Amino acid sequence: MRTRPAALALLIVLVSTLVACGLASGPNSTALTIYTARPKAIARSVVDAFEAANPEFRGRVRILTLGASELVHRVRAETHRPQADVWWGGTSQQFTQGIQAGVLTEARRDIVARVPERYRGPDELWLAEMRTAEIIFYNHTMLTADDAPKDWDDLVTPNMREKLLIRDVAASGTMRSIISALIARSGDPQVGYAYLRALDRNTKDYVANPSDLYLRIRRQEAPVSVWNLQDVLIQRGAGAPLTVVMPASGAPMLPDGVGKIKNGPHRDAADLFMEFLLRPSTQHMLSDKFFQISTVALPREPRWLAEVGLREMPVDWTTVSREESGWVNYWVQNIKNRG
């Protein structure tokens, strides 16, 4: 008997719905979807280890790598029909947006317990897996240590004119947090804006993405930039001629987290992955191999952490979360490329 077009269309819709809800169970079907803002090498390393520990997931974990701000917009756009199970990578400001949009749900209690209370988001709807130190770095084939900046205020001195390349702020969670921290440290947004105007005067260009930033600094287009410590150390380990400067007044330390997406298609798998990610053994691997500053208690402090001489800048992240959007909009409309 020939299937009628209307019946065939209904069948296709039903099958699509089953797949979206995680009810399709073929050997090649997706069993877990992760949206991540973490570098591809880090995400792949963890997922490979997860699949090795859980063979039923081998080849069935889908990773979608997005910029942190892009990730927020995508998860919010999918609120009524979630496509992902785990949101991995983002600042407290971004996860706050997720909470306000109602896209997060609690992970299992044993998973939450892995993370100290001070590193849990409101209602424990997201967990800070790590902290990122925001630092200064420079190409040491272009500058000597004596000539390199030592602190944030050195970036706005006349001798730094045209020596800065900076990742474009609006699309970057890291840069949004850096400029917000630099505004917040003064206690007065107008003082912070004056600093950012001076920084803009010294900035040769705003770069579209981190890969271009590193490429252009290696090409000696300009010697100095700001970014997160973890990423710079990874680049240095791969042979880039970069030297880290731990600012004398301290580095903003951003909590960077992971959360379970509400009504995701593979809810139990999301818990399983988050449990694996927050194991001390996994975090120890990430610390040793990828210079991660974990919030989870580790058997020992990594040697590289003592070598960089970590100093923390006090930042009121609650205020930053509340004000960041307005501050960044002001920067875009009144400061960028007006120096």
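Just so it is clear, the structure is predicted and the values come from calculations on it, not from any experiment.

(A) View of the overall build of the chain. Scanning the chain for helices and strands turns up 13 helices and 11 strands. The C-alpha atoms of the chain give a radius of gyration of 22 Å, which matches the 20 Å a tight globule of 339 residues would have. Its C-alpha atoms give the chain principal-axis dimensions of about 80 × 45 × 40 Å. By the burial criterion, 51% of the 339 residues in the chain qualify as buried. For the chain, contacts bridging at least 24 residues in sequence account for 76% of all contacts bridging at least 6. As displayed, the chain offers around 15,700 Å² of accessible surface, 51% of which is attributable to carbon and sulfur atoms. If you average the places of the 41 positive and of the 37 negative side-chain charges in the chain, the two averages end up 6 Å apart.

(B) Looking closely at the packing of aromatic side chains. Considering all chains together, one arrives at 10 aromatic pairs under this definition. For the ring pair F291 and W304, a centre distance of 5.5 Å and an interplane angle of 80° mean the geometry is edge-to-face. Of the two residues, F291 is situated in the loop between α11 (280-290) and β11 (293-294) and W304 in helix α12 (residues 303-308); the sequence distance between them amounts to 13 residues. Here F291 matches W304 in class, with each residue buried.

(C) Fine view of the nonpolar core. Grouped together as the largest cluster of nonpolar side chains are 57 residues, with contacts concentrated most on I135, F137 and L155. No other element matches the 6 residues that helix α6 (residues 173-184) contributes to this core. Grouped together as the second largest cluster of nonpolar side chains are 44 residues, L32, L125, L286 and V296 included.

(D) Molecular detail of helix α10 (residues 267-277). For α10, a buried count of 8 out of 11 residues is recorded, marking the element as mostly surrounded by other parts of the structure. Turning to α10, its buried residues number three or more, namely A269, A270, D271, F273, M274, E275, F276 and L277.

(E) How the structure looks around the confidence of the model for the chain. Overall, the predicted model of the chain reaches an average pLDDT of 91, with 92% of residues at or above 70. This model gives residues 8-24 a pLDDT under 50, and the stretch forms 11 contacts once residues within four places in sequence are excluded.

(F) Looking closely at the environment of Q93. With respect to the element layout, Q93 can be found in helix α4 (residues 92-101). For Q93 and L277, which are 184 residues apart along the polypeptide, the C-alpha to C-alpha distance reads 22 Å. If sequence neighbours within four positions are ignored, Q93 has contacts with S177, W317, V320, S321 and E324. Here the side chain of Q93 touches S177 through a polar contact of 3.0 Å, side chain to side chain.

(G) Looking closely at α4. If you check which residues of α4 are buried, you get S92, Q93, Q94, F95 and G98. Tucked inside the fold, the buried residues of α4 contact α3 (68-77), β3 (86-91), β4 (104-105), α6, β10 (253-261) and α13 (317-334). Looking one or two residues beyond α4, the residue adopting positive phi is G102, at roughly 70°.

(H) The pattern of salt bridges, seen in detail. For the structure shown, the criterion picks out 19 salt bridges. E312 is the salt-bridge partner of R131, the closest N and O atoms lying 3.3 Å from each other. Of this pair, R131 sits in strand β5 (residues 127-139) while E312 sits in the loop between α12 and α13; the two residues are 181 residues apart in sequence, bridging distant segments of the chain. Between D271 and K260 there is a salt bridge, with its nearest N and O atoms 2.9 Å apart. Placement of D271 in helix α10 and of K260 in strand β10 is noted, with a sequence separation of 11 residues between them. Just as D271 is buried, K260 falls in that class too. When salt bridges that share partners are traced, they join R38, E129 and D256 into one network.

(I) Up close: the side chain of R167. Among the secondary structure elements, R167 is positioned in strand β6 (residues 164-167). In this structure R167 is buried but unpaired, with D168 as the nearest side chain of opposite charge at 5.5 Å. A polar contact is formed between the side chain of R167 and the backbone oxygen of A208, at a distance of 2.7 Å. Every residue in contact with R167, bar those within four places of it in the chain, is listed here: S172, M175, Y206, V207, A208, N209, P210, L213 and W227.

(J) Expanded view of the environment of G257. By secondary structure assignment, the location of G257 is in strand β10. According to the relative accessible area criterion, G257 is buried, its value standing at 0%. Expressed as a C-alpha distance, the spacing of G257 and W126, which sit 131 residues apart in the sequence, is 6.5 Å.

(K) A look at the environment of A240. With respect to the helices and strands, A240 occurs in the loop between α9 (229-237) and β9 (242-245). Residue A240 is classed as buried on the basis of its relative accessible area, which comes to 5%. Along the chain, A240 and N139 lie 101 residues apart, while their C-alpha atoms are 8.3 Å from each other. When sequence neighbours within four positions are dropped, the list of residues in contact with A240 reads R218 and Q235.

Here is what the cut-offs are and how they apply
Residues numbered from 1 in each chain as written. Predicted model: local features only at pLDDT ≥ 70, side-chain atom pairs only at ≥ 80, totals over all residues. Heavy atoms only, no water. Helix = DSSP H or I, 4+ residues; strand = E, 2+ residues; numbered from the N terminus. Rg over C-alpha atoms; globule rule 2.2 N^0.38 Å. Buried < 20%, exposed > 50% of the residue type's maximum accessible area, 1.4 Å probe, protein only. Contact = heavy atoms within 4.5 Å. Areas by Shrake-Rupley, 256 points an atom, 1.4 Å probe, with all protein chains shown as cover. Lys, Arg positive; Asp, Glu negative; His and termini not counted. Charge placed at Lys NZ, Arg CZ, Asp CG, Glu CD. Phe/Tyr/Trp six-rings, centres within 6.5 Å; stacked < 30°, edge-to-face > 60°. Core = buried A, V, L, I, M, F, W, Y, C linked by side-chain atoms within 4.5 Å. pLDDT = per-residue confidence, 0-100. Polar contact = N/O pair within 3.5 Å; in protein donor to acceptor, adjacent residues only side chain to side chain. Salt bridge = Lys/Arg side-chain N within 4 Å of Asp/Glu carboxyl O.

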